[in-house]
Amino acid sequence: MPYTHNRVFENANMAEIEERTRRSLAEAGFGVLTEIDVKATMKAKIDVDLQAYRILGACNPTMAHRAIELEPRIGAMLPCNVILREVENGIEVSAIDPVASMLAIENDDLTRLAAEVRDLLVRAIDKL
């Protein structure tokens, strides 16, 4: 089972794709709660050079609230991560599939909610 929804933007630059990703996520009701510049972190911590790689922790507050009501400890699995990374031919954007990430939790209501969140994320990535 795939665990991400992916798109590659050929001959694109990171700043442009990041701006478009943030805008599309916002239009789908997601805010970016966390940001990790993996390239800078790896360089600072272990002196390794990576291609550009950024993780955006996206959260739809309404969906997150519903999930917490269904499973109070679900916060351990939030927010939904969206990565932007430099690949050979451009920039790849990948969004987590919340259904795949929730497989360990036996709660049918949560699975249905995760499918709703997945649909929102897929639409946001497809709109880029």
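Definitions and limits used
- Residues numbered from 1 in each chain as written.
- Predicted model: local features only at pLDDT ≥ 70, side-chain atom pairs only at ≥ 80, totals over all residues.
- Heavy atoms only, no water.
- Core = buried A, V, L, I, M, F, W, Y, C linked by side-chain atoms within 4.5 Å.
- Buried < 20%, exposed > 50% of the residue type's maximum accessible area, 1.4 Å probe, protein only.
- Helix = DSSP H or I, 4+ residues; strand = E, 2+ residues; numbered from the N terminus.
- Contact = heavy atoms within 4.5 Å.

(A) Quick look at the nonpolar core. If you look at the biggest cluster of nonpolar residues, it comprises 30 residues, and the most contacted ones within it are Leu25, Phe30, Val82, Val93, Leu110 and Leu121. Broken down by secondary-structure element, the contributors of at least two residues to this core are helix H1 (14-27), strand S3 (53-59), helix H3 (61-70), strand S4 (80-87), strand S5 (90-96) and helix H5 (108-127). The element that contributes the greatest number of residues to this core is H5, accounting for eight residues.

(B) Summary view of the environment of Asn107. Within the element layout of this structure, Asn107 appears in the loop between helix H4 (98-101) and H5. Given the relative accessible area of 14%, Asn107 is considered buried. It is 36 Å that separates the C-alpha atoms of Asn107 and Thr41, two residues lying 66 residues apart in sequence. In this structure Asn107 touches Leu70 and Glu71, once residues within four positions along its chain are discounted.

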